[in-house]
Amino acid sequence: MLSLQHLSKYYQAGGNKTFVLNDLSLDVDEGEFVSIMGPSGSGKSTLLNIIGLLDEPSEGYHYFAGEAVHLLKEKQRSAMSRGYMGYVFQAYHLIDELTVYENIETPLIYQNIKGSERKALVADILDRFNIVGKKDLFPSQLSGGQQQLVGIARALIAKPKLLLADEPTGNLNSKQGDEIMELFLKLNREDGVTIIQVTHSEKNAEYGNRIINLLDGKIESSRVLNHQ
Amino acid sequence: MWKSYLTSAFRSFKNNRGFAAINILGLALGLTAFLLIIFYVSDELSYDRFNTKADRIYRVNEDLKFGNNEVFYAVSMAPLAQALKEDFPEVENAVRLKNAWSARIKKGDVTIRENKLAFADPSLFQVFTLPMIEGNAVTALKEPNTVVLTESTARKYFNSTQVLGRTLLFDDHLNYKVTGVIRDLPKTSHFNFDFFLSMSSLEESRENKWLRSNFSTYVLLKEGADVKQFEGALNGFLQRHSGAEVQAELKMTYSSFEKSGNYFRLNLIPLKDIHLKSNRTGELGPNSTVQYVYIFSAIAFFILLIACVNFMNLATARSANRAKEVGVRKVLGSSRSYLIAQFLTESILVTFMAAVLAFGAALFLLPLFNQLSGKEMAVSAQSFIWLLPLFIGLVLLIGVSAGAYPAFFLSAFQPIQVLKGKLSTGFKASGLRNFLVVFQFSISIFLIIGTLVIYKQLNYIRTKNLGYNRDQVVIVQNSYELNDQAKLFKQEVKRLPGVLNATLTGYLPTSNWHNTAMFYKDASLDSKRSLFPETWGVDEDYIDALGMTMASGRSFSKDMLTDSSGIIINESAAKFLDLKEPLNKTLFKSNGGERTESNTKAYHIIGVVKDFNFSSLRDNIGPVVLFLDANNGALSIRVKTTDLKKVMAQIEQTWKSISPNVPISVSFMDQDFDATYRSEQRIGRLFILFTTLAISIACLGLFGLAAFAAEQRSKEIGIRKILGASVPVIVRMLSVDFLKLVVLAIVIASPLAWFLMYKWLQDFAYRVQIQWWIIAIAGIAALLIAFLTISFQSVKAALSNPVKSLRSE
Ligand SMILES: Nc1ncnc2c1ncn2[C@@H]1O[C@H](COP(=O)(O)OP(=O)(O)O)[C@@H](O)[C@H]1O
Ligand SMILES: [Mg+2]
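These figures come from a predicted structure and were not determined experimentally.

Rules used throughout
Residues numbered from 1 in each chain as written. Chains lettered and ligands numbered in written order. Predicted model: local features only at pLDDT ≥ 70, side-chain atom pairs only at ≥ 80, totals over all residues. Heavy atoms only, no water. Helix = DSSP H or I, 4+ residues; strand = E, 2+ residues; numbered from the N terminus. Buried < 20%, exposed > 50% of the residue type's maximum accessible area, 1.4 Å probe, protein only. Core = buried A, V, L, I, M, F, W, Y, C linked by side-chain atoms within 4.5 Å. Domains from an automatic or database assignment. Contact = heavy atoms within 4.5 Å. Buried area = accessible area lost by both parts, 1.4 Å probe. Salt bridge = Lys/Arg side-chain N within 4 Å of Asp/Glu carboxyl O. Polar contact = N/O pair within 3.5 Å; in protein donor to acceptor, adjacent residues only side chain to side chain. Nonpolar A, V, L, I, M, F, W, Y, C, P; charged D, E, K, R; others polar. 1 Å grid on protein atoms, 1.4 Å probe; cavity = no way out; pocket = protein on both sides within 12 Å on 5 of 7 lines; lining within 4 Å. Points joined across faces, edges and corners; volume = space filled by probe spheres on them.

Asks: Got a minute to help me understand unusual backbone geometry in this structure?
Replies: Trans is the prevailing form of peptide bonds, just as negative phi is the prevailing case for residues other than glycine. Located in the positive-phi region is E167 of chain A, a residue other than glycine, with phi close to 45°. Tracing the chain through its elements places E167 of chain A in the loop between β7 (162-166) and α6 (174-190). In this structure, N145 of chain B takes a positive phi of about 55° despite not being glycine. Inspection of the secondary structure assignment puts N145 of chain B in the loop between β8 (132-135) and β9 (146-150). Residue N145 of chain B is classed as partly exposed on the basis of its relative accessible area of 29%.

What follows is the structure, encoded as structure tokens:
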């Protein structure tokens, strides 16, 4: 579903280019669960942002769901990201002014989905994530793990084809982290959601079916796992 | 969608109560001031518009130049109204009004002094819209000794409005029959009378004299009449009618009169312009000036602008905090226009709340504001016809214009920039925000300087050496009612302990009495060598009793029989006459009628009195000639006492012993003087009020910005403190940036304020200088106020526990 070919991203610093991603090629199929690892500054977030259409590469080809993304206009790309992507962040990035319910509902509002339908969808996901009792609380009233749960619920509410998670467990303790990973696994296995996550933890990376190691903007190694 | 805009707007207020409060309060304050000024200005602009034919009504003014003298009259000649009606087909109607000044009217056993009376032609009710409750509007003022009362006057005297045919006794000897009752005059009429006496009661109204001007003449033009053409024809008309009289009185033809540089002209002023644009000799009441309407409109606009700037500044300052929200929303799929709509909703909501508060406050404060401004404005159900659209218009205009910049600014954030933390979330030094702070403070400093100058000028007027001493002078205003016994009254009063002196005459620097006459340097009555001064008939105690000073010569004396042909002139008259040694020079005056040398009277100048002010301090002192006369208009008594009450009682006792039936009417000269400047004092007070408001609003904004900067830099402050920075160092660090802006505002505003106030002062013949320290005071005050505002926040931030602010990151 996703193909990156000879992708580069660099920043002009003085006279010379600093490469963040350097001639990188990567294919991801539908239904995969990919973990990206690598030292800090190796370009993981940049890669994820480009895949999520939040950032643009400097060079290279980028295909997503059969479209040549590198040829699309800004408007079309943002329409595409709205329809296909769900994002989960290390820092949760919930809107402090909105309740749990409203945070989850927000993407639906932006997609002009009717009120009654929104209600049903949000009720459904609250139920699935076991957070019905928290729906009227504000983010500041939740623990980190609960906030990330809300973040994931929000990312999934519009039924994205691709879930992108940048260090989703980075701010959580290991027990909370395990729960989130179990959830990802379940989403991937049972609901067929394609997931690309960035993580620093070998253990969490192994929840995926493929681990990609980045170093200095290049894929240093890639390994496929066979879970049974 | 709307619901989500509103809920997030409300939540955002709740979570930022402080800023929301500053926003709403600042805007509400500004709007309140704006509304009060709007009330004031619209009241000023509404004068005389209640007349349904206002567009077609004009007053005829008269301009006169003779010799060195120029006079601009609001009054014109007795036969003018009738002649205009006869000569010009475009004149539909004309009416004359003449102030009757004062009368004593009997109500049962009591006598009441009334001061709002005027003689009027019967056509009054055809020209002006003064609806009759009782009586016939066509015939009401036809007969001599008839009177039309206002509704409240009728009730005052008869407890009823059904009073046709009843009579009122004027001054103990004249019976006036009531032939009509009209509604009370609107406050927004440029003349304001309670009694309209029939013009036919007045002998003078029938005089066919074209060189005497005592009547306010109004014409009603026919629909579609060409005003320009009519006004242009007036001078030919005047020449036709007055030529013979000019020839007889001045011994020259009309054309040679004009050839020698003199003129005698009529012109028109639209009724609707009188209140704001007319300041001539002989107005029916004090008018206002359009200048103040402009000044106050500008202030209203600026205050609103300052309040809007606060709003924008706080919104963009908070943008750092909201950047995250914008970023997340965009990642979740919000388009830019959604975000813009969301921020605009927020700003319109703030404006709405502020406007509700402001409208409430303005209505609540209106009575107080009336007191301050001397107006009688009221809000009725009818006012809502324009208040409601004004409300909606203001909310939308301010909400959108103040919210637009933050909305576009915030919605333009790039989501990854924000989420990566690349967008510096610190208190960004924004050029625009700095510009706006400078702008606000420039206006504030401008207003401080303006207020100081105006205040100083008004104070100067109040305390200026006027050339006479107005303190401790009691004036018996109606001594003329004692007739021949006025002199006796004066003698008796002079004998009272505590009374220093007394002078019997109506011609006082604080009175409205005016009389003019022509004086010539040569017996041949050559008008090129003439003077057209005010001529005041006074007695021998005048100079001393009023505390005037002789520049040379002597005052009148009882013992000098020749003083009946002696005159005292003021310095200004000496200057006009170009007399180096005026003493003992002779001036000639025509006795009227035949202009032969034998028909002139010679006066010799026995003294020159130092100039004293008698009209407005806006005007230069004109020439005055004092001569001995038995004028008994008023008795001015100079007292020297610590027990004024006792002296007053004795004066009244003396009066009663002479005239037990007529009540005495007294005033104090200093109060009469102050009354002349009451409207200026009011304007001064309003100025101070609005300036204070403007500065408060600007400071409120600065307070918010400072609070915000301190909050944003709390981590930095914490680190600096851990590294050993002292509280003063941190306060300085936080304050200096803002104070620099205030200094810049001082540099910008001072010359501008100096220039405009300098122009304003040119209107006054007697005026203060704008000293450098006025600007220094304004600058220091602005800096001090700003510093106090900022340091409150800075000190709070500097004193906070550094560990706390660091942990929260
Ligand atoms: N706007 C930018 N200008 C210059 N360098 C940048 C910019 N944004 C990111 N970088 C650099 O790109 C590199 C990769 O960043 P990132 O993708 O966030 O790494 P990771 O997520 O692997 O830690 C870093 O060295 C960072 O300094
Ligand atoms: Mg990263």
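Alright, that's what it looks like, and here's the rest.
Asks: Would you explain the nonpolar core in this entry?
Replies: Residue and element names in this part refer to chain B. Core analysis: the biggest nonpolar cluster contains 125 residues, and F296, F441, W536, L626 and F690 have the highest contact counts within it. Shared between two domains, this core takes at least three residues from each, and those domains are domain 1 (2-44 + 291-461 + 679-807) and domain 3 (473-676). If you look at the next biggest cluster of nonpolar residues, it comprises 35 residues, including L80, V91, V219 and Y520.

Asks: Would you explain helix α3 (residues 100-110) of chain A in this entry?
Replies: Owing to its 3.6 residues per turn, the α-helix brings residues three or four apart onto one side. Residue and element names in this part refer to chain A. For α3, the buried fraction is high: eleven of the eleven residues fall into the buried class. Three or more residues of α3 are buried, namely V100, Y101, E102, N103, I104, E105, T106, P107, L108, I109 and Y110. A positive backbone phi angle near 55° is found at N112, which sits one or two residues after α3.

Asks: Just checking my understanding: could you explain the interface of chain A and chain B for this structure?
Replies: Accessible area lost on assembly of the parts is the figure often given for the size of an interface. Counting from both sides, the interface comprises 22 residues of chain A and, opposite them, 19 residues of chain B. For the chain A and chain B pair, buried surface summed over both sides reaches about 2100 Å², with 59% attributable to carbon and sulfur atoms. The largest contributions to the chain A side of the interface with chain B come from H93, E97 and Y110 of chain A, which together make up 33% of the buried area. Across the contact surface, chain A and chain B share zero salt bridges. One can count one residue pair in polar contact (both at pLDDT 80 or more) joining chain A with chain B. At the level of elements, β6 (85-89) and α3 of chain A are the ones that each hand at least two residues to the side of chain A that touches chain B. A total of five residues in the side of chain A that touches chain B trace back to one element, the largest contributor, which is α3 of chain A. For the side of chain A that touches chain B, a count of residues per class yields eleven nonpolar, five polar and six charged.

Asks: It is not clear to me how the side chain of N310 of chain B should be interpreted in this structure. Could you clarify?
Replies: When you line up the elements, N310 of chain B lands in helix α9 (residues 290-317). A polar contact of 2.6 Å, which involves the side chain of N310 of chain B, links it to the side chain of Q440 of chain B.

Asks: Just to check I follow, could you spell out empty space enclosed by the protein for this structure?
Replies: In this approach the atoms are scanned with a rolling probe the size of a water molecule, which exposes any empty space left behind. All names here are of chain B. In the structure shown here, the tally under the stated rule is six cavities of 30 Å³ or more. Of the pockets and cavities examined, the largest cavity occupies roughly 230 Å³. Together, 17 residues line the largest cavity, and N23, A315, R318, R322 and E346 are the ones closest to its centre. The set of elements that each furnish at least two residues to the lining of the largest cavity consists of α1 (2-15), α2 (17-45), α9, α11 (336-373) and α12 (384-411). Of the residues forming the lining of the largest cavity, the biggest block, four residues, is contributed by α11. Across the lining of the largest cavity, the residue classes break down as nine nonpolar, five polar and three charged.

Bear in mind that shape data such as this cannot, by itself, settle questions of function.
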